[in-house]
Amino acid sequence: MKFSKARRLSGELTIPGDKSISHRSIMFGSIAEGLTEVRGFLQGADCLSTISCFTKMGIPIENKGETVLIHGRGLRGLTAPKEILDCGNSGTTTRLICGILAAQDFDVTLTGDESIRRRPMKRIMEPLSMMGAKIRSIHCNDCAPLAITGCRIHGIHYQSPVASAQVKSAVLLAGLYAEGETRVTESYISRNHSELMLSAFGADIRTENTTAVLRPGNALKGLCITVPGDISSAAFFIAAALIVPNSEVLIRNVGINPTRDGILHVCRQMNGNISILNRKNESGEPTADLLVRSSALQGTVIEGSIIPTLIDELPMLAAMACYAKGTTVIRDAAELKVKESNRITVMAENLRAMGADVTETEDGMIIHGGRPLHGAVIDSKKDHRIAMTFAVTALAAEGETEILDADCVNISYPGFYSDLARLKRE
Ligand code: S3P
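Everything numeric in this text was worked out from a predicted model, so none of it was measured. (Residues numbered from 1 in each chain as written. Predicted model: local features only at pLDDT ≥ 70, side-chain atom pairs only at ≥ 80, totals over all residues. Heavy atoms only, no water.)

### Considerations on the overall build of the chain
Next up, step 1: Across its full length, the chain holds 12 helices and 24 strands.
Next up, step 2: For 426 residues, the compact-globule formula gives about 22 Å, and the C-alpha radius of gyration of the chain, at 21 Å, lands near that figure.
Next up, step 3: Looking at the chain alone, contacts between residues at least 24 apart form 74% of all its contacts between residues at least 6 apart.
Next up, step 4: The averaged location of the 47 negative side-chain charges in the chain is 1 Å from the averaged location of its 46 positive side-chain charges. (Helix = DSSP H or I, 4+ residues; strand = E, 2+ residues; numbered from the N terminus. Rg over C-alpha atoms; globule rule 2.2 N^0.38 Å. Contact = heavy atoms within 4.5 Å. Lys, Arg positive; Asp, Glu negative; His and termini not counted. Charge placed at Lys NZ, Arg CZ, Asp CG, Glu CD.)

Laid out in structure tokens, this is it:
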């Protein structure tokens with residue numbers, strides 16, 4: 001697919017549902033008692049993988065588009081799937097589901113696509129094994145496919161070596177079935193959607209600083225959830241409006257949970273003009289509309305505790321930094337190497353192909369902004385966030401940019417290209 005320079009961007013759009021929250025609504029709704037109604041569900045391929053896994057375990061799920069109805073069967077209501085569970089490209093599905101499956105009274109094999117079969121699973125196998133789970137990497141490489149033998153498990157206090165919501169959530173979900181209390185401590189707090197939503201479903205869960213504490217025993221009860229728009233999807237339009245001159249875009253319905261809003265802080269630090277309007281609360285998650293205007297951006301340093309709050313936005317921020325004056329340093333972000341692609345290498349290579357001055361480091365990138373960018377052929381490596389990042393980067397570059405495997409955006413944002421095209425003024 002090909003992209004070229006935009007003269008300006010203007011108009012408004014509504015961001016589709018949050019991917020993390022959509023996954024959790026299906027998982028928690030399936031192990032809750034009674035009906036869960038999910039509004040604003042993200043119809044991305046990743047979330048459809050989660051629906052397919054729970055359907056295979058006997059949960060009736062009616063996907064009506066904007067609304068999804070889950071007829072939950074309670075903590076012990078899942079049944080043994082007749083086939084291997086396929087998590088597709090979804091790390092969230094693969095890792096979170098392991099927490100639930102570890103404690104069932106049946107055995108399961110899990111797999112996923114080529115990318116999933118390369119991603120590290122030791123990070124969940126280790127704490128779940130400490131809880132007594134029997135979980136094995138079939139090819140002994142700490143990756144999927146994984147064989148899980150359901151068994152009795154017990155609570156632990158886990159000091160997580162990575163600030164990862166996927167690890168934290170897998171352990172907490174296993175904790176629902178465990179004997180005794182489960183605690184997960186992180187160095188920096190990762191996104192807290194599991195804690196908020198489990199609490200709304202009736203679980204006994206609380207947070208003490210960077211520790212989540214779950215006491216088992218409570219049944220989960222079905223409820224009505226409205227999913228806010230995904231700030232990780234909004235990120236592409238925030239960046240687009242900031243870097244394309246004379247732009248003004250109103251981005252409606254964006255989840256601004258403080259464990260996810262790092263991009264707003266960094267954009268402000270970079271002199272980005274973003275107004276937060278119409279603050280609301282949707283099912284315990286704060287939301288707002290964002291009015292974004294083109295800005296003369298400045299380089300910045302992105303490091304430390306803010307990293308988990310913008311981890312999925314770093315590819316877009318790195319590209320944005322190429323259009324900023326001065327140097328931007330991203331560090332403490334080694335996690336980028338184990339996402340859907342190695343996002344440090346893939347970003348550095350592709351930005352350099354467009355003429356940017358980018359140096360890859362062990363845990364991030366150094367970007368000297370201000371060089372004019374030109375179009376190039378971009379290999380997205382079938383990574384949805386890489387494809388979207390370069391569709392936006394191309395809007396302020398000279399000439400034409402071609403993105404390979406551009407349809408991978410369906411993982412998290414099926415309507416992305418048409419939403420972007422609607423804002424573009426020639
Ligand atoms: C997610 C957590 C993050 C994020 C991913 C979704 C989640 O991963 O990168 O896209 O839904 O919990 P980690 O928690 O492993 O960093």
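Further notes follow.
### Remarks on the sheet that holds strand E2 (residues 8–14)
Next up, step 1: Pairing is mixed in the open sheet, where 5 strands are placed in the order E16-E17-E15-E2-E24. Both edges of this open sheet fall to strand E16 (273–282) and strand E24 (424–425), since each of them pairs with a single strand only.
Next up, step 2: Here 8 bridges tie E16 to strand E17 (residues 285–293), and the two strands are oriented antiparallel to one another. Pairing of isoleucine 274 across the sheet is with valine 292, part of E17.
Next up, step 3: Along the sheet, helix H7 (residues 231–243) makes contact with E2, strand E15 (248–255), E16 and E17, crossing E15 at roughly 165°.
Next up, step 4: Here helix H8 (residues 262–269) sits on the sheet in contact with E16 and E17, set at roughly 160° to E16. (Pairing = 2+ DSSP bridges. Axes fitted to C-alpha atoms, helices over the stretch in contact; angles between N-to-C directions.)

### Here we look at the UniProt feature "active site" (unreviewed entry) in the chain
Next up, step 1: Following the UniProt record, the feature "active site" (unreviewed entry) maps to Asp312 here.
Next up, step 2: Within the fold, aspartate 312 resides in the loop between strand E18 (301–302) and helix H9 (314–322).
Next up, step 3: The exposure class assigned to aspartate 312 is buried, which follows from its relative accessible area of 12%.
Next up, step 4: Side chain to side chain, aspartate 312 and arginine 191 meet in a polar contact 3.4 Å long. (UniProt positions renumbered as here; feature names shortened; annotations may be inferred. Buried < 20%, exposed > 50% of the residue type's maximum accessible area, 1.4 Å probe, protein only. Polar contact = N/O pair within 3.5 Å; in protein donor to acceptor, adjacent residues only side chain to side chain.)

### Some remarks on the nonpolar core
Next up, step 1: Residues Ile238, Ile251, Leu314 and Phe416 are the most contacted members of the largest nonpolar core, which totals 80 residues.
Next up, step 2: The dominant element in this core, judged by the number of residues it contributes, is H7, at 11 residues.
Next up, step 3: The residues contacting phenylalanine 416, other than those within four sequence positions of it, are Phe236, Phe237, Met388, Ala391, Val392 and Val409.
Next up, step 4: Grouped together as the second largest cluster of nonpolar side chains are 68 residues, Leu85, Ala144, Leu146 and Ile153 included. (Core = buried A, V, L, I, M, F, W, Y, C linked by side-chain atoms within 4.5 Å.)

### Overview of the state of the cysteines
Next up, step 1: Per the stated rule, a full pass over the model turns up 0 disulfides.
Next up, step 2: Free cysteine cysteine 151: the closest other cysteine sulfur is in cysteine 98, separated by 13 Å.
Next up, step 3: Residue class for cysteine 151 comes out buried when judged on its relative accessible area of 16%. (Disulfide = S-S within 2.5 Å.)

### Describing the side chain of serine 30
Next up, step 1: Residue position: serine 30 is located in helix H1 (residues 19–30).
Next up, step 2: Residue classification places serine 30 among the buried positions, given a relative accessible area of 0%.
Next up, step 3: Looking at serine 30, its side chain comes within polar contact range of the main-chain oxygen of isoleucine 26, at 2.7 Å.
Next up, step 4: Among all residues touching serine 30, those that are not within four sequence positions of it are Phe54, Ile59, Ile61, Ile70, Gly72, Arg73 and Gly74.

### A look at the packing of H7 against H8
Next up, step 1: One way to put it is that H7 packs onto H8 with a least axis distance of 10 Å and a crossing angle of 15°. As the angle between them shows, H7 and H8 are arranged roughly parallel. The chirality of how H7 crosses H8 is right-handed. Each of Ile231, Ala235, Ile238 and Leu242 in H7 lies in contact with H8, whose residues at this interface are Ile263, Leu264 and Cys267.
Next up, step 2: Class assignment of the residues belonging to the contact of H7 with H8 gives a composition of 7 nonpolar, no polar and no charged. (Parallel < 35°, antiparallel > 145°, perpendicular 65-115°, else oblique. Left-handed = near helix turned anticlockwise from the far one by under 90°. Nonpolar A, V, L, I, M, F, W, Y, C, P; charged D, E, K, R; others polar.)

### Observations regarding the sheet that holds strand E23 (residues 401–404)
Next up, step 1: Within the open sheet, the 3 strands sit side by side as E1-E23-E22. Their pairing is mixed. A strand with exactly one partner marks an edge of an open sheet, and here the two such strands are strand E1 (2–3) and strand E22 (377–379).
Next up, step 2: Direction of pairing for E22 relative to E23: parallel, over a ladder of 3 bridges. Residue isoleucine 378 lies in a different strand from E23, and its bridge partner there is isoleucine 403.
Next up, step 3: Across the sheet, helix H11 (residues 384–393) is in contact with E1, E22 and E23; its angle to E23 comes to roughly 170°.

### What to know about the site of the ligand
Next up, step 1: Lining the immediate surroundings of the ligand are Ser20, Arg24, Thr92, Ser164, Ala165, Gln166, Arg191, Ile311, Asp312 and Lys339.
Next up, step 2: Here lysine 339 contributes a side-chain N or O atom positioned 2.7 Å from an oxygen atom of the ligand.
Next up, step 3: Its residues assigned to classes, the shell around the ligand shows 2 nonpolar, 4 polar and 4 charged.
Next up, step 4: Two domains share the shell around the ligand, each providing at least three of its residues, namely domain 1 (2–16 + 229–425) and domain 2 (19–226). (Near = heavy atom within 4 Å. Domains from an automatic or database assignment.)

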